[in-house]
Amino acid sequence: MGNIFSDRISDVPRSFIRDILKLALDQSIISFAGGMPNRDLFPVKEINAATNKLFAECGKDILQYSTSEGYRDLREWISARYKARKNIDVPPDNILITSGSQQGLDLLGKTFVNEGDDVVMEEPGYLGAIQAFSVYKTRFHPVPVDEAGIDTARLEQALSGYRIKLFYSAPNFQNPSGISYSGENRARVARLMEKTDTMLIEDDPYGELRFMGSDKPSFYRLLPHKTVMLGSFSKIVAPSFRIGWLVAEDEVMEKLAIAKQASDLHTNYFGQRVIFQYLKDNDIDAHIEKIRRAYGSQRDTMVSSIKEHFPGEIKYTRPEGGMFLWITLPEGLPAMEVFRRAIECKVAFVPGDPFYVNKKDVNTLRLNYSSVDEETIRTGIKRLGGVLKQLLGQKIKKSEIPSICNFKKK
Ligand SMILES: Cc1ncc(COP(=O)(O)O)c(C=O)c1O
């Protein structure tokens, strides 16, 4: 076809996770590779009832075009929830409903980033954010995160050395690592950001899914004029609606609304109405509590299985919420190599590589616990433990050899 494609799209990395998910569709593979909520917790009956009620009561009204900013009642609901949960005042006028928070990231790239502009990205960081900003030919500055939060010395270096337009941050149960920024870390970040004209993006799809510890202050509260906050119904109701939101101050909001119009006029109005009806007729707190309890228990099972079956030198995070756990292998053992061997033993995960903007053959990997039941978590982690012990040349007890893996053949 010749080279008819834009540089913009030609240079964007293909989503490696999509490729891996295809592999993991093989029913015989235990997959910790997905990033999906537990489907057994979707409120199917309640969504069905909300939809029927809407058709009965509103009929053709729910099938018409609507406003770019989103359904007013839904924005008011989101505003009231910020007040009730976090005591933050977010006027509904400062909320833009987006097609998932993923679209929020795209709109931010479109609105703020010129070719070659500098953006700070967490390392490791959310692959979807790396992809969204790559489209705008961003120059990334990765800054490491660990169990205390972001490395503020490295953040300060980036902020003082370059004109950083955006700093992408997911401070609660980050994807991919599951770590959260401590209260102290957030305060230090806010102090650094005060001195700059960088916009902080607070991506928070997992904030409500805390199963231990206590909530930490939002950047939107610490730094209201320099923060754009993203939220989503994907992890607390269902991702198929593709409904999320973005909170920004007036001037930014005006530009984002233009970007939104140019993209898709408005977010699916029918879906917004169904979600709102569902929220109105049901106890969302009770529903979220159910998700928290299930994920907390799945996380505990994964952590205790890792303790039992993984070689001692392997490090892992202990998330207080969210859906992911992060593994650090000994130096010199690339996660890709473990992945290839693990697939032969019918267990999958995401090697760390796609979560870094400029590193390859890394020794880290992501495990998802939300979409796998606890019995399967135990079996899968035992299998993976066997693979790791074999690759590290350690003795494996007979009882630890997963029957599915014939190590002797290697
Ligand atoms: C950190 C983060 N941000 C944004 C998204 C996109 O979510 P949504 O379904 O709201 O587009 C995800 C999805 O997994 C995510 O992990």
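No experiment lies behind these values; they were computed from the predicted model shown. (Residues numbered from 1 in each chain as written. Predicted model: local features only at pLDDT ≥ 70, side-chain atom pairs only at ≥ 80, totals over all residues.)

Bringing the overall build of the protein into the picture now. Secondary structure summary: the protein contains 14 helices and 14 strands in total. Projecting the C-alpha coordinates of the protein onto the three principal axes gives extents of approximately 65 × 55 × 55 Å. In the protein, which comprises 410 residues, the share counted as buried stands at 46%. In the protein, the proportion of contacts linking residues at least 24 apart, taken out of those at least 6 apart, comes to 75%. (Helix = DSSP H or I, 4+ residues; strand = E, 2+ residues; numbered from the N terminus. Buried ≥ 20, exposed ≤ 12 C-beta atoms within 10 Å, placed from the backbone. Contact = placed C-beta atoms within 7 Å.)

Under the domain assignment, the protein is made up of domain 1 (7-42 + 286-409) and domain 2 (64-281). Each partner contributes to the interface: domain 1 provides 33 residues, whereas domain 2 provides 32 residues. Looking at the side of domain 1 that touches domain 2, the elements with two or more residues in it are α1 (7-10), α12 (284-309), β11 (324-328) and β14 (364-368). Take the side of domain 1 that touches domain 2: its biggest share by element is 6 residues, from α12. By residue class, the composition of the side of domain 1 that touches domain 2 is 18 nonpolar, 9 polar and 6 charged. (Domains from an automatic or database assignment. Nonpolar A, V, L, I, M, F, W, Y, C, P; charged D, E, K, R; others polar.)

Our focus in this paragraph is the site of the ligand. Taken together, 14 residues form the shell around the ligand, and within it G100, Q102, N175, S232 and S234 come nearest. In terms of residue count, the dominant contributor to the shell around the ligand is helix α5 (residues 100-112) (3 residues). Across the shell around the ligand, the residue classes break down as 4 nonpolar, 9 polar and 1 charged. (Near = placed C-beta within 6 Å.)

A word on the pairing of strand β7 (residues 199-203). Note on strand geometry: in a regular strand, side chains alternate between the two faces of the sheet. Of all 5 residues in β7, 5 are buried; the element is thus mostly enclosed. The alternating pattern of β7 places M199, I201 and D203 and L200 and E202 on opposite faces, both of which are buried. Strand direction decides the pairing type here: strand β6 (residues 164-169) and β7, joined by 4 bridges, are parallel. Opposite S169, over in β7, you have E202 as the bridge partner. The pairing of β7 with strand β8 (residues 227-232) spans 4 bridges and is classified as parallel. Looking across to β8, one finds that I201 is bridged to V228. (Pairing = 2+ DSSP bridges.)

Spatially, 8 strands are ordered β2-β9-β8-β7-β6-β3-β4-β5 in an open sheet, and the strand pairing comes out mixed. The outermost strands of the open sheet, each flanked by one partner alone, are β2 (95-98) and β5 (149-150). Bridge count between β2 and strand β9 (residues 244-247): 4 bridges; the pairing is antiparallel. Paired with I95 across the two strands is V247, which belongs to β9.

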